[in-house]
Amino acid sequence: MIVSSSVSMAMEKGDLRVRTKAPTTSTAEYSDDRDHGGEDDAAWMKETEEEEEEPLSPCGRLYHTPCLNTSVVILIGFATKVDVDVLKERMEKTLIRHPRVSSKLVLDVKKGEKERWVRTKVNPSDHFIVLDLDQDIENPDKFVNDYASDLSSTPFDLSKPLWEFHILNIKTSNAESVGIFKIHHSLGDGMSLVALVFSCSRKSSSPEELPSIPTSSTKTVAKSAHGALYRFLIAIWLILRLIWNTLIGIGQLLGTAFFLKDTNSLISLKVDERTPKKIVHRLVSLDDIKLVKNETNTTVNDVIVGLTDAALSRYLHVMPGDHRRRKIRLRSNIAVNARKTVGVQDLVDMMENGSKCKWGNVTGCIMIPFDVTLEKDPLEHVRKAKLVIDRKKLSLEAKFTYYLTFLGAKDLGMKFLVSLFYRFISNTTLMLSTVTGPAEEVNFCGHRIAYICGSARTAGGYPPGLVIHYTSYMNKMSVAVCANQDLIPDPHKILDEVEESLKLMKNAVLQRKQSKNGLLST
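Residues numbered from 1 in each chain as written. Predicted model: local features only at pLDDT ≥ 70, side-chain atom pairs only at ≥ 80, totals over all residues. Heavy atoms only, no water.

So, the overall build of the chain: which residues are in play, and what are the values?
The helix and strand inventory of the chain stands at 14 helices and 17 strands. A buried classification covers 52% of the 522 residues belonging to the chain. Of the contacts made within the chain by residues no fewer than 6 positions apart, 82% connect residues no fewer than 24 positions apart. Surface exposure of the chain reaches about 24400 Å², of which carbon and sulfur atoms provide 54%. (Helix = DSSP H or I, 4+ residues; strand = E, 2+ residues; numbered from the N terminus. Buried < 20%, exposed > 50% of the residue type's maximum accessible area, 1.4 Å probe, protein only. Contact = heavy atoms within 4.5 Å. Areas by Shrake-Rupley, 256 points an atom, 1.4 Å probe, with all protein chains shown as cover.)

Okay, here's the thing in structure tokens:
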């Protein structure tokens, strides 16, 4: 049976049937689960029913404004069919115990009270949606992308906690089934939410062990053989560079918020922000990205930024228009983690024992310019990206944007802060973010994960017409593109250029290695 690309049309035709039955009792357990039943479980339920309140943070308030109302959609491809009852039961014992996941948002502010989170009892049937699908759908990959796009455009019901988990037991090109975790961005940033998913997971090779998420390694600086005066002068030079880079970065941010706009192009034209946005995703090789990283002596993030620059340059030069004959200004906003990475073990302790853990939206933002030129050497895109990112690392630009949210909400008012952020995002072309996942295979609530892919979009109008998210897991890197359909009717073409650009970079590295080996052999 052929199923329409639109979920709503599929529902009208009867190809899609949604059921939200409560889970039945299952004997399956985590091999490392503690017994949460009996008196302990009753005590926990009693505690969650008691009203516990916490004010909504300024970042959370931004994500609930009409123009920036944002949800995060995480696609989890499973290597097996989902056992719905087992998945629900285990999520009830882990995910639902998280304070944010078991809290609803109270926005009906009276007498000067602030918006706040209020603990409540979670009814699983309100949050687990199981789709009864025709297994003969003509294009399952397209169906999943369309379903995620339609799902992310639907606003949340504020009378219950702001999350849903949709189960699609349908085989795609990369998975045997798919789970879609939709959660409001006010609950946490991308790194926090992905860590939350993996806190409900265990290593496939060691079912009692939590997965580990790689973190950026800190370079060990060898003790200089030079004297104290030399080291003092170097320190002064680095401090001066830090001050200079910070001032330049802040000046560019404020200038962009008030008057400095990107050049109109095929991916940055002013279009109706309320136009539906399309989410598509693709998997590329993380090993290929690391190959480029090692050859250019850069980081994975450097390669990702250079890869995005190369892909957009190719896209704009392939598409018709006068942008191919003129220099254009094209910049990306990149979300930066402004705190120590959320630990998976910390989240497990929070859900099992009620311990405290740093949680929420703790991100800043940096602005990266793209050259939009076709380089003869594709690796030059990565080298240019490294130069810019190295300057941003020696800067307090990300910290400035993070603290501006808190100070601005307190001293300038939310209306001014929303206007400032809206103008800043509107005057740039795209949003870019990266999230790191485990390097080994893990199972989520008893189901092996084949891939994980994250994306974010709004239920209302959101300024950037293009949002690109990268998420790593095992030896794969998922690339998700969320695009305004008036601006980019076929976002698959962006993914095609990402894939082709990575192929060109890999070939350039292999050619260099062959040349070096040839010289050595002679």
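That covers the picture; the talk isn't over yet.
Requested: an account of empty space enclosed by the protein, with residues and values cited.
Rolling a probe over the atoms, with the probe sized like a water molecule, indicates the empty space that remains. According to the stated counting rule, one finds two cavities of 30 Å³ or more in the structure shown. Counted as a void, the second largest cavity has a volume near 30 Å³. Its residues assigned to classes, the lining of the second largest cavity shows seven nonpolar, no polar and no charged. (1 Å grid on protein atoms, 1.4 Å probe; cavity = no way out; pocket = protein on both sides within 12 Å on 5 of 7 lines; lining within 4 Å. Points joined across faces, edges and corners; volume = space filled by probe spheres on them. Nonpolar A, V, L, I, M, F, W, Y, C, P; charged D, E, K, R; others polar.)

Can you tell me about the pairing of strand E10 (residues 277-285), naming the residues and giving the values?
Burial analysis of E10 places eight of its nine residues in the buried class, the great majority of the element. Relative to strand E17 (residues 476-484), E10 runs antiparallel, the two being bridged by nine bridges. Within E17, the residue paired with Leu-283 across the bridge is Ser-478. (Pairing = 2+ DSSP bridges.)

Help me get a handle on the sheet that holds strand E16 (residues 466-473), residues and values and all.
Ordered by their spatial adjacency, six strands build an open sheet running E10-E17-E16-E13-E11-E12, and the pairing between neighbours is mixed. Each edge of the sheet is formed by a strand with only one pairing partner; in this case those strands are E10 and strand E12 (363-370). Geometrically, the sheet is characterised by an average inter-axis angle of 20 degrees between neighbouring strands, direction not taken into account. Taken together, the eight bridges between strand E11 (residues 330-337) and E12 define a ladder with antiparallel strand orientation. For Ser-332, the partnering residue across the bridge sits in E12 and is Ile-368. (Axes fitted to C-alpha atoms, helices over the stretch in contact; angles between N-to-C directions.)

Requested: an account of the pattern of salt bridges, with residues and values cited.
One pass over the full model with this rule turns up 20 salt bridges. Close ionic contact of Asp-146 with Lys-278 constitutes a salt bridge, the shortest N to O distance being 1.8 Å. Of this pair, Asp-146 sits in helix H5 (residues 140-152) while Lys-278 sits in strand E10, and the two are 132 residues apart along the sequence. Residue Arg-383 pairs with Asp-377 through a salt bridge whose shortest N-O separation is 3.1 Å. Asp-377 sits in the partly exposed class, given a relative accessible area of 22%. Each of Asp-377, Glu-380, Arg-383 and Arg-512 takes part in one network of salt bridges that share partners. (Salt bridge = Lys/Arg side-chain N within 4 Å of Asp/Glu carboxyl O.)

Which residues make up the side chain of Glu-164, and what are the values?
Relative to the assigned elements, Glu-164 resides in strand E7 (residues 163-168). Buried Glu-164, no salt bridge; nearest opposite-charge side chain is Lys-182, N-O distance 4.5 Å. Glu-164 has contacts with His-127, Ile-129, Leu-151, Phe-156, Ile-180, Phe-181 and Lys-182, leaving out every residue within four places of it along the chain. (Lys, Arg positive; Asp, Glu negative; His and termini not counted.)

Describe the packing of aromatic side chains, naming the residues involved and giving the relevant values.
Tallied over the full model, the rule gives eight aromatic pairs. Relative to Trp-163, the ring of Phe-128 lies with its centre 5.8 Å away and its plane at 85 degrees, an arrangement referred to as edge-to-face. Of this pair, Phe-128 sits in strand E6 (residues 128-133) while Trp-163 sits in strand E7; the two residues are 35 residues apart in sequence, bridging distant segments of the chain. Residue classification places Phe-128 among the buried residues on the basis of a relative accessible area of 0%. On the basis of relative accessible area, Trp-163 is assigned to the buried category, the value being 1%. Considering the side-chain rings of Phe-143 and Tyr-147, the 6.3 Å spacing of their centres and the 20 degrees angle between planes classify their relative orientation as stacked. (Phe/Tyr/Trp six-rings, centres within 6.5 Å; stacked < 30°, edge-to-face > 60°.)

Got a sec to walk through the sheet that holds strand E5 (residues 116-119)? Specific residues and values, please.
Strands belonging to one sheet form pairs held by backbone hydrogen bonds; the direction of such a pair is parallel or antiparallel. Across the sheet, which stays open at both edges, the three strands sit in the order E2-E5-E4 with antiparallel pairing between neighbours. Two strands close off the open sheet at either side, each with one partner strand: strand E2 (53-55) and strand E4 (103-106). For this sheet the average axis-to-axis angle between neighbouring strands, irrespective of direction, equals 25 degrees. Inspection of the sheet shows E4 paired to E5 by four bridges, in the antiparallel sense. Bridging across to E5, Leu-105 finds its partner in Trp-117.

Help me get a handle on the packing of helix H9 (residues 300-318) against helix H11 (residues 380-393), residues and values and all.
Packing of H9 against H11 brings their axes to within 8 Å, and their N-to-C directions diverge by 125 degrees. Regarding the angle of H9 to H11, the classification is oblique. In the crossing of H9 with H11, the sense of the turn from one axis to the other is right-handed. Contact with H9, carried on its side by Asn-301, Asp-302, Val-303, Val-305, Gly-306, Asp-309, Ala-310 and Ser-313, involves His-381, Val-382, Ala-385, Lys-386 and Ile-389 of H11 and no other residues of that element. Residue classes in the contact of H9 with H11 are distributed as six nonpolar, four polar and three charged. (Parallel < 35°, antiparallel > 145°, perpendicular 65-115°, else oblique. Left-handed = near helix turned anticlockwise from the far one by under 90°.)

Summarise the packing of helix H7 (residues 228-258) against helix H13 (residues 414-426); cite the residues concerned and give the values.
H13 packs onto H7 with a crossing angle of 95 degrees between their chain directions and a minimal axis gap of 7 Å. What the angle tells us is that H7 and H13 run roughly perpendicular. Touching Leu-253, Thr-256, Ala-257 and Phe-258 of H7 are Leu-420, Arg-423 and Phe-424, all from H13. The residue makeup of the contact of H7 with H13, split by class, is five nonpolar, one polar and one charged.

Account for the state of the cysteines, with residues named and values stated.
Evaluated as defined, the whole model comprises zero disulfides. With no disulfide partner, Cys-445 has as its closest neighbouring cysteine sulfur the one in Cys-200, 5.2 Å distant. (Disulfide = S-S within 2.5 Å.)

Summarise H7; cite the residues concerned and give the values.
For the α-helix, the turn length of 3.6 residues means that residues three or four positions removed from each other point alike. Under the 1.5 Å per step criterion, the end-to-end length of H7 is 45 Å for 31 residues, consistent within 8% with the ideal 45 Å. Within H7, burial applies to Asn-245, Thr-246, Gly-249, Ile-250, Leu-253, Gly-255, Thr-256 and Ala-257. (Expected span 1.5 Å × (residues − 1).)

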